[in-house]
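One-letter residues, chain by chain:
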Amino acid sequence: MGSLSDIGLAAGINILSAIGFLLAFAILRIQPFNDRVYFPKWYLKGTRSSPRHSSNVVSKFVNLDCGTYLRFLNWMPDALKMPEPELIRHAGLDSAVYVRIYCLGLKLFVPIAMLGLSVLLPVNWTSETLEKTKALTFNDIDKLSISNVGKGSDRLWAHLTMAYAITFWTFYVLYREYKVVATMRLNFLALEERRPDQFTVMVRNVPPDPDESVSEHVQHFFSVNHRDYLSHQVVYNANKLANVVDKKKSLQNWLVYYENKHARNPEKRPTAKTGFWGLWGKRVDAIDYYKNEIEKLSIEEESERELIMNDQKAIMPVAFVSFKSRWGAAVSAQTQQSSNPTIWLTEWAPEPRDVYWPNLSIPFFELTIRRLIMAVALFFLTFFFMIPIAFVQSLANIEGIERVAPFLRPLIEKKVVKSFIQGFLPGIVLKIFLILLPTILMTMSKIEGHTSLSGLNRKSAAKYYLFLFVNVFLGSVITGTAFQQLDSFIHQSANTIPETIGESIPMKASFFITFIMVDGWAGIAAEILRLKPLIMFHIKNSFLVKTDQDREQAMDPGSLDFASSEPRIQLYFLLGLVYAAVTPILLPFILLFFGFSYLVFRHQIINVYSQQYESGAQFWPDVHRRIIIALIVSQILLMGLLSTKHAANSTPLILVLPVLTIWFHIFCKNRFEPAFVKFPLQDAVVKDTLERATEPNLDLRAYLKDAYIHPVFYCEAQSFASMEEDVEEKNPLVPTKRTSQRSSPSNSKHASELGTHS
């Protein structure tokens, strides 16, 4: 990586890019024809009307109020005005807690940055070790790091003291935040309105029974063993039907497009090719072709519906079981149902929006195999991605390559070109390489068989974080060090290579500074511009929209992409904690990222994003755990660095820190994590009692009847309800087709599956 001038050029490019994105956003957001792009959440809530209803033709498309252009930065203070309780009511707890992660970054790193810049920076700068070492490639940024402190120097005690200060401050901040979020979750669950998932559990691996269908078996088992059992809904394998419905909707969109095209030019019938994406094939009348194709799919759809409703094999050994009270659901979800722990597996049902229906049809015995295959695939994906990482690092260390490949020097010796390549190109190339990765990892998580969107997001986030840690962080440090000190590695003996690596690890701070500016500055500014949704909305509005309802469907509010955004935030926590005691000059760049991101995402949550589901901040233990991992990694790396500095006396002292950190994590896990996994029975009883007192005539059966029907069956909810007719609530007998089992041995299959009456 280059010098201060290279970083200055990169900073200039990224700051100008960010300002350009923000100015474009400030102008585009106040134009009437973009109102649904930048304020879709308010339209979905029904509290905002289109400004295009003006009688002035020009004002329907262009904002003619000059005052709004002078107040183009008003969105910034507006994003901070909404208090947190109102934000939770407006956007949900998941969104409110998500933006707290950015706030947590500010709380953590502002004091650390002040201490590091005021104490460690002068300690590092005033040493002259690198200037006296001819074998190493270094620059001005490196002289601000621990690499510039001599071996065995008393100055290293400052870094050790800083490590202790960072560790205990992180403990304090994480404990308070965990406590606050856990309290917020419990209050949210206690105060939130009635939802189907509060009364429902998901049952998997329902064992087969020779005498009863899956539905009858589920009803019999829970009627016998749970006195609060109310009703259930079995799960049908409707994946093929869902594909047919999706394909039909796609063809209907094309039909609307060609009908609108024909309406604008009635004299000419539109035509289309029948091949792939309309690129080749026979040219036909587009309107007639799509009408015929839709009619064929309608027949196929009806046939598939009949097949599912009449084929017992379409019923999966999975069911959503509802109870008369939250207490009954909590008991069922949080207890083992059978002496055989592999059957009748219960867990809290995701809320209906959160269910990922395609994976409910996966046989339970396949899940372990699928997850093993995906673990192996993740290993090889991570391993082979080292190749592009090494390429990126080759761009970031031109000086090191010039020393072993001098023939490249004339091409890149020009100062401006060199500064651009070293200061900007590595970060943007790495960003490009990572674009498709979240999609790949999400696909892998779907193959693993997770049954909720929130679960898919958390598992994908775990994979992405592992990938960023191994490839972007460790990979950049290791491959970058190898490239940067290539000449030293070739000419030095093997026993001196570890020292060279130890001294060179802090030198990668300059590369990460570049990455932060590209990803955390310009990248976040591009997020608020919403260029892709802007273009897609106007394309749909021009070719597909006929009614106001179509226009609402053309809006793409999007949602928080937790699977990719949260691991990215964790990378910044990792970089901040690792380099705080090593190269503190990196911290201001991280602080700018956290502050700017907090502002942008608060605005997006208030005005744009519409969350797909609400998990009640169930992801927070993952956030806490990854910051703990980052802290331990920073301590271990500092221990290695100090050992290369011949600071042997510091090793026992710094070895204490990882031990303390692990103890702190275990303490927080035992103290707070149960609030994110289990629902207290006491709280369930309180909520049930209050509900019975305020709504004595509540018909819970009717409320829950259609909650967990597959989306493709919503139009036939009544027929499916009749298929799953439950026994009368007051009937003391449990009807069953099973023959008498009074003579069955106590250890028979039926006895182990059915249990005893509760």
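Keep in mind the model is a prediction, meaning the values are calculated, not measured. (Residues numbered from 1 in each chain as written. Predicted model: local features only at pLDDT ≥ 70, side-chain atom pairs only at ≥ 80, totals over all residues. Heavy atoms only, no water.)

**A look at the overall build of the protein**
How we decide: Runs of H or I in DSSP of at least four residues are treated as helices and runs of E of at least two as strands, each being numbered from the N terminus. When accessible area is computed with a 1.4 Å probe and restricted to protein chains, residues below 20% of their type maximum are described as buried, those above 50% as exposed, and intermediate ones as partly exposed.
Along the backbone of the protein there are 34 helices and 6 strands. Out of the 758 residues belonging to the protein, those deemed buried represent 52%.

**Here's the deal with helix α26 (residues 562-580)**
The following threshold applies: Helix span, as expected, comes to 1.5 Å for every residue beyond the first.
Counted at 1.5 Å a residue, the expected span for α26 with its 19 residues is 27 Å, and the 26 Å between its end C-alpha atoms agrees. For α26, the buried fraction is high: 19 of the 19 residues fall into the buried class.

**Notes on the pattern of salt bridges**
Put simply, the test is: Put simply, a salt bridge is a Lys or Arg side-chain nitrogen that is within 4 Å of an Asp or Glu carboxyl oxygen.
Under the definition given, this model contains 23 salt bridges. When the shortest N-O distance is used, the salt bridge between Arg-100 and Glu-177 registers 2.7 Å. On the criterion of sequence distance, the pair formed by Arg-100 in helix α7 (residues 93-125) and Glu-177 in helix α8 (residues 156-191) is long-range, its members being 77 residues apart. Accessibility assignment for this pair places Arg-100 and Glu-177 in one class, buried. Through salt bridges that share partners, Arg-194, Arg-326, Asp-688, Glu-691 and Glu-695 make up one connected network.

**Details of the sheet that holds strand β5 (residues 315-323)**
Filter applied, for reference: Pairing between strands is defined by DSSP: at least two bridges between the two strands are required. Note on geometry: axes are lines fitted to C-alpha atoms, helical ones only across the stretch in contact, with angles between N-to-C directions running from 0 to 180 degrees.
A sheet is described by the order of its strands in space; here 4 strands give the open sequence β2-β5-β1-β6, paired in antiparallel fashion. Strand pairing shows two members of the sheet lacking a second neighbour, β2 (229-236) and β6 (345-348), which therefore form its edges. Geometrically, the sheet is characterised by an average inter-axis angle of 25° between neighbouring strands, direction not taken into account. Pairing between strand β1 (residues 200-204) and β6: 4 bridges, direction antiparallel. Considered in β6, the bridge of Arg-204 is made with Leu-345.

**Some details on the packing of helix α6 (residues 84-91) against α7**
Angle between the axes and distance between the axes are the two parameters that describe a pair of packed helices. For clarity, the cut-off: Throughout, the term roughly parallel applies to angles under 35 degrees, roughly antiparallel to angles over 145, roughly perpendicular to angles from 65 to 115, and oblique to all others. Only heavy atoms enter the contact rule, under which two residues are in contact if any of them lie within 4.5 Å. In this count, Pro and Cys sit with the nonpolar residues alongside Ala, Val, Leu, Ile, Met, Phe, Trp and Tyr, while Asp, Glu, Lys and Arg are called charged and the others, Gly among them, polar.
The geometry of α6 relative to α7 is characterised by a closest axis approach of 7 Å and an angle of 130° between their N-to-C directions. Classified by the angle their axes make, α6 and α7 are oblique. Across the interface between the two elements, Glu-84, Leu-87, Ile-88 and Ala-91 of α6 pack against Leu-93, Ser-95, Ala-96, Val-99 and Arg-100 of α7. A per-class count over the contact of α6 with α7 returns 6 nonpolar, 1 polar and 2 charged.

**What to know about the packing of aromatic side chains**
Test applied: Centres within 6.5 Å make a pair out of two Phe, Tyr or Trp rings, where for Trp the six-membered ring is used; the pair is then stacked when the planes are under 30 degrees apart, edge-to-face when over 60, and tilted otherwise. The rule is short: NZ of Lys or CZ of Arg within 6 Å of the ring centre and within 35 degrees of the ring normal puts a charge over the ring.
What the rule picks out here adds up to 44 aromatic pairs. Note on Trp-663 and Phe-667: the rings are 5.9 Å apart at their centroids and 15° apart in plane angle, and the pair reads as stacked. Taken together, the positions of Trp-663 and Phe-667, both in helix α29 (residues 650-672) and 4 residues apart, correspond to about one turn of that helix. Linked through ring pairs, Tyr-98, Tyr-102, Phe-109, Tyr-572, Phe-573, Phe-593, Phe-594 and Phe-601 together constitute an aromatic cluster. Across the ring face of Tyr-703, the terminal group of Arg-194 is positioned such that the distance to the ring centre comes to 5.0 Å.

**A closer look at the confidence of the model for the protein**
Interpretation of this model should avoid reading the predicted coordinates in detail wherever pLDDT is low. Quick reminder of the rule: For every residue, the pLDDT score states the predictor's confidence, bounded by 0 at the bottom and 100 at the top.
Summary statistics for the protein give a mean pLDDT of 81 and a share of 80% for residues scoring 70 or more. Across residues 717-733 the pLDDT falls below 50, and counting only partners more than four positions away or on other chains, this stretch makes 28 contacts in the model. Per-residue pLDDT stays below 50 along residues 740-758; that stretch engages in 32 contacts with residues further than four places along the chain or on separate chains.

**Focus: the pairing of β2**
By the criterion of burial, β2 is predominantly enclosed, with 8 of the 8 residues buried. In terms of strand pairing, β2 meets β5 through 6 bridges, oriented antiparallel. What sits directly across from Tyr-229, in β5, is Phe-323.

**Structural notes on the nonpolar core**
A general feature of soluble globular proteins is that nonpolar side chains tend to end up buried together. Short version of the rule: Residues enter a nonpolar core if they are buried and are Ala, Val, Leu, Ile, Met, Phe, Trp, Tyr or Cys, with the set joined through side-chain atoms within 4.5 Å.
Judged by nonpolar contacts, the single largest core of 136 residues is most densely connected at Tyr-98, Phe-109, Leu-434, Phe-473, Tyr-579 and Trp-620. Sequence-distant contacts of Leu-434, defined by excluding residues within four places in its chain, comprise Phe-385, Tyr-464, Phe-467, Leu-468, Val-472 and Phe-515.

**Overview of unusual backbone geometry**
Of note, the phi angle at Trp-344 is positive, near 50°, even though the residue is not glycine. When you line up the elements, Trp-344 lands in the loop between α12 (326-333) and β6. Its relative accessible area of 1% is what places Trp-344 among the buried residues. Here Arg-530, not a glycine, exhibits a phi torsion of approximately 55°, which is positive. Position of Arg-530 relative to the elements: it lies in the loop between α23 (509-529) and α24 (531-543).

**Structural notes on a positive patch on the surface**
Put simply, the rule is: The patch calculation keeps residues exceeding 30% relative accessible area without a salt bridge and links them within 9 Å when they carry like charges or within 5 Å when they are nonpolar (Val, Leu, Ile, Met, Phe, Trp, Tyr). Under the convention used here, a 1.4 Å probe and the Shrake-Rupley method define accessible areas, while residue burial counts only the protein chains that appear. Charged residues are defined narrowly, with Lys and Arg counted positive, Asp and Glu counted negative, and His plus the chain ends left uncounted. To locate a charge, take atom NZ for lysine, CZ for arginine, CG for aspartate or CD for glutamate.
Together, Lys-261, Arg-264, Lys-268 and Arg-283 give the surface a local cluster of positive charge. In this structure, Lys-268 sits in the loop between α10 (239-264) and β3 (271-273). Look at Lys-268 and you get exposed, because its relative accessible area is 59%.

**Notes on a nonpolar patch on the surface**
Judged by side-chain polarity, Leu-372, Val-376, Phe-379, Phe-380, Phe-383, Phe-384 and Ile-387 come together as a nonpolar surface patch covering roughly 770 Å² of accessible area. With 6 residues, the single largest contributor to the nonpolar patch is helix α13 (residues 366-384). As for its position among the elements, Phe-380 is in helix α13. The partly exposed category is assigned to Phe-380, whose relative accessible area is 41%.

**Digging into the packing of α7 against helix α27 (residues 587-607)**
The cut-off we apply is this: Definitions for this section: a left-handed crossing has its near helix turned counterclockwise from the far helix by less than a right angle. A right-handed crossing has that turn clockwise.
With their axes 9 Å apart at the nearest point, α7 and α27 run at an angle of 160° to one another. Between α7 and α27, the interaxial angle falls into the category roughly antiparallel. When you trace α7 past α27, the crossing you get is left-handed. Classifying every residue of the contact of α7 with α27 gives 20 nonpolar, 4 polar and 1 charged.

**Side note on the environment of Ala-522**
In this structure, Ala-522 sits in helix α23. The sequence separation of Ala-522 and Asn-14 amounts to 508 residues, and the corresponding C-alpha distance is 5.5 Å.

**Remarks on the side chain of His-232**
How we decide: In the analysis that follows, any N or O atom pair within 3.5 Å is treated as a polar contact, provided that within protein one partner can donate a hydrogen and the other can accept it, and provided that, for residues neighboring in sequence, both atoms belong to side chains.
Following the sequence through the fold, His-232 ends up in strand β2. Taking the relative accessible area as the measure of exposure, His-232 reaches 5% and is therefore buried. At 2.8 Å, the side chain of His-232 forms a polar contact with the side chain of Ser-215. Polar side-chain contacts of His-232 include one of 2.7 Å to the side chain of Tyr-229.

**Description of α23**
Threshold: Two axes enter the bend calculation: one fitted to the seven residues ending at the residue in question, the other to the seven starting there, and the bend is the angle between them.
Taking 1.5 Å of rise per residue, the 21 residues of α23 would be expected to cover 30 Å, and the 29 Å separating its terminal C-alpha atoms lies within 8% of that figure. Along α23, the sharpest kink reaches roughly 35°, centred on Gly-523. Counting buried positions along α23 gives 19 out of 21 residues, so the element sits mostly inside the fold. Remark: Arg-530 follows α23 within two positions and exhibits a positive phi of approximately 55°.

**Quick look at the environment of Leu-241**
Tracing the backbone through its elements, the reader meets Leu-241 in helix α10. Distance in space between the C-alpha atoms of Leu-241 and Leu-307 is 9.9 Å, their sequence separation being 66 residues. Setting aside residues no more than four positions away along its own chain, Leu-241 makes contact with Glu-301, Glu-304, Arg-305, Ile-308, Val-712 and Phe-713.

**Some words on the environment of Leu-586**
With respect to the helices, strands and loops of the structure, Leu-586 is situated in the loop between α26 and α27. The sequence separation of Leu-586 and Ile-516 amounts to 70 residues, and the corresponding C-alpha distance is 9.3 Å.

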